[in-house]
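# Inside the fold
Given next are the chains, with one letter for each unit.
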Amino acid sequence: MAGFTTERLLLCPYTKGDLDDLTSLCSDPLVQPLVIHDDIAPRSPKFRDRLHLSMERAAFAVIIRLKSTGEFMGQAMVTVTDTKISPEGSFAICLLPRFWNNGYGTEATHYIVDYSFRWFDLRRISLMVLSSNMRAITVYQKIGFRIEGRRWRFRWMSGRWDDIFLMCISYEEWAARELHWTFGADAVYHHIRPCSLCSRVFQPHYYLDSEYFQ
C-alpha cells in the first residue's frame, strides 16, 4: 500500500475502492453535522459521485489508516487554487469519532500542511470550521492556523445558529514555526527569507537575520 507514513498513521492514495468507507464516514451522525458544505440529510446515490470528484480534483488527497492495523480512520485533502499572486491551498480533514481525542488529527494535519508548503509553492493554506467545533479549532491552532474571519449565523443546527470561522496559516508563519521546532526558540528571529539555493517548490533552508546564522 503505497503512500506516506507518520509515527502512527498511514496516508494512502485514494482509490474508488475507498468510496464505501468514505460514504460511511460522511454519513456518521456525529460527523455529518460538521461537514460544512453538506446538508444534514440522508445521503443520495449522487453523493458518492461528489465524493469521488472532490478526492480526484484535490492536489493532495489521502485515506488515513492506522499504521498498526491498516484500519480506515478518515480522509484529508488539500485543494489548490491559482491566484494572480501565487497558489493558495484549502485544507479539510475528517476522522471517524472513535479516533477523536487521541492526537491523530494533529499528527495528520501537521504532516499534510508541512508537505503542502514544501512541495506546492503555496502562499497560504486556509480552512473553514464551525465555531462550535472546539476540538478541531484547537488542533488547527496547535499547527499554527489563526482565525482570520467569521461568518455569522452560517448554519441552523440543534435548535440554534452556528457561525463559521475562516482560519489560515501563511507560508511565512509556517516557516517560522518549522524553524522554531527544528532549532529552538533562540534560533528564530524576526526576518525569514528563502535561501538562494532552494527552488520555489521546495525550500527547506532559510537565512535568518540572527547571530546563530551569520
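See the structure above.
Residues numbered from 1 in each chain as written. Predicted model: local features only at pLDDT ≥ 70, side-chain atom pairs only at ≥ 80, totals over all residues. Heavy atoms only, no water.

## Focus: the packing of helix H1 (residues 19–27) against helix H2 (residues 45–57)
The following threshold applies: With axes taken as lines fitted to C-alpha atoms, and helix axes fitted only over the stretch in contact, angles between N-to-C directions fall between 0 and 180 degrees. Elements are defined by DSSP. Helices are runs of H or I of four residues or more, strands are runs of E of two residues or more, and each kind is numbered from the N terminus. Here the word oblique covers every angle except those under 35 degrees (roughly parallel), over 145 (roughly antiparallel) and from 65 to 115 (roughly perpendicular). Contacts were defined at the residue level, with two residues in contact if any of their heavy atoms lie within 4.5 Å. Ten residues, namely Ala, Val, Leu, Ile, Met, Phe, Trp, Tyr, Cys and Pro, are considered nonpolar, four, namely Asp, Glu, Lys and Arg, are considered charged, and the remaining ones, Gly among them, are considered polar.
The interhelical angle for the contact between H1 and H2, taken along N-to-C directions, is 110 degrees, at an axis separation of 10 Å. Between H1 and H2, the angle is such that the two are roughly perpendicular. Where H1 approaches H2, its residues Leu19, Asp20, Leu22, Thr23 and Cys26 are matched on the opposing element by Phe47, Arg48, Leu51, His52 and Met55. The class makeup of the residues in the contact of H1 with H2 is 6 nonpolar, 2 polar and 2 charged.

## Details of the environment of Ala58
Mapped onto the secondary structure, Ala58 falls in the loop between H2 and strand S3 (60–66). Sequence separation of Ala58 and Met77 is 19 residues, and the distance between their C-alpha atoms is 6.3 Å. What Ala58 contacts, discounting residues up to four positions off in sequence, is Met77, Val78 and Thr79.

## Considerations on the side chain of Ser131
Definition in use: The cut-offs for exposure are 20% and 50% of the maximum accessible area for each residue type, with area from a 1.4 Å probe on protein chains only; residues under the lower value are buried, those over the upper are exposed, and the others partly exposed. Definition of a polar contact: a pair of N or O atoms within 3.5 Å, with one able to donate and the other able to accept a hydrogen when the atoms are protein atoms, and with sequence-neighbouring residues admitted only if both atoms are side-chain atoms.
Along the chain, the position of Ser131 falls in the loop between strand S6 (124–130) and helix H4 (134–143). Since its relative accessible area comes to 15%, Ser131 is described here as buried. A polar contact is formed between the side chain of Ser131 and the side chain of Asp162, at a distance of 2.7 Å. For Ser131, the contacting residues outside a window of four places in its chain are Ile137, Arg150, Asp162, Asp163, Ile164 and Phe165.

## A few points about the pattern of salt bridges
Inclusion rule: Counted as salt bridges are all cases of a side-chain nitrogen of Lys or Arg within 4 Å of a carboxyl oxygen of Asp or Glu.
Under the defined criterion, the tally for this structure stands at 10 salt bridges. Arg65 is the salt-bridge partner of Asp18, the closest N and O atoms lying 3.1 Å from each other. With Asp18 in the loop between strand S2 (9–13) and H1 and Arg65 in strand S3, the pair connects residues that are 47 residues apart, well separated along the chain. Across the pair Glu173 and Arg146 runs a salt bridge whose closest N-O atoms are separated by 2.6 Å. Here the residue Glu173 occupies a position in helix H5 (residues 171–183), and Arg146 occupies one in strand S7 (residues 146–157), the gap between them amounting to 27 residues. Classification of Glu173 as partly exposed rests on a relative accessible area of 25%.

## Regarding unusual backbone geometry
Note on backbone geometry: most residues besides glycine have negative phi, and most peptide bonds are trans. Phi at Asn101 takes a positive value of approximately 65 degrees, unusual for a residue other than glycine. Given the relative accessible area of 64%, Asn101 is considered exposed. Residue Asp121 is not a glycine yet carries a positive backbone phi of 55 degrees. The topology assignment puts Asp121 in the loop between helix H3 (104–119) and S6.

## Considerations on the packing of aromatic side chains
Note the following rule: Note on aromatic contacts: the rings of Phe and Tyr and the six-membered ring of Trp form a pair at centre separations within 6.5 Å, being stacked when their planes are under 30 degrees apart, edge-to-face when over 60 apart, and tilted otherwise. Here, a charge over a ring means that NZ of Lys or CZ of Arg falls within 6 Å of the ring centre while also lying within 35 degrees of the ring normal.
Applying the stated rule across the entire model yields 13 aromatic pairs. Ring centres 6.1 Å apart and planes at 20 degrees place the aromatic pair Phe4 and Phe60 in the stacked group. Here Phe60 lies in strand S3 and Phe4 lies in strand S1 (residues 4–5), a separation of 56 residues in the sequence. Relative to Tyr104, the ring of Phe99 lies with its centre 6.1 Å away and its plane at 75 degrees, an arrangement referred to as edge-to-face. Grouping residues by exposure puts Phe99 and Tyr104 together as buried. Here the aromatic residues Phe4, Phe60, Tyr111, Tyr115, Trp119 and Phe120 are joined through ring pairs into a cluster of three or more. Geometry around Trp152 places Arg150 over its ring, the cationic atom sitting 4.2 Å from the centre.

## Looking at the pairing of strand S5 (residues 88–95)
To keep things clear, this is the line we draw: Note on pairing: DSSP must find at least two bridges between two strands before they are called paired. Seen with its strands pointing away from the viewer, a crossover is right-handed when the path leading from the first strand over the helix to the second is clockwise.
Looking at chain direction, strand S4 (residues 72–81) and S5 are connected through 8 bridges and run antiparallel. Bridging across to S5, Gly74 finds its partner in Leu95. Chirality of the crossover, the property in question, places the unit of S5, H3 and S6 among those that are right-handed.

## Description of the packing of H3 against H4
Rules: Helix crossings are classified by the rotation of the near helix relative to the far one: an anticlockwise turn of less than a right angle makes the crossing left-handed, while a clockwise turn makes it right-handed.
Contact geometry of H3 with H4 gives a least axis separation of 10 Å together with a crossing angle of 40 degrees. When the axes of H3 and H4 are compared, the pair comes out oblique. For the crossing formed where H3 meets H4, the hand is right-handed. Here H3 contributes Gly105, Thr106, Thr109, His110 and Val113 to the contact with H4, which in turn contributes Val139, Tyr140, Lys142 and Ile143. Of the residues assigned to the contact of H3 with H4, the class counts are 4 nonpolar, 4 polar and 1 charged.

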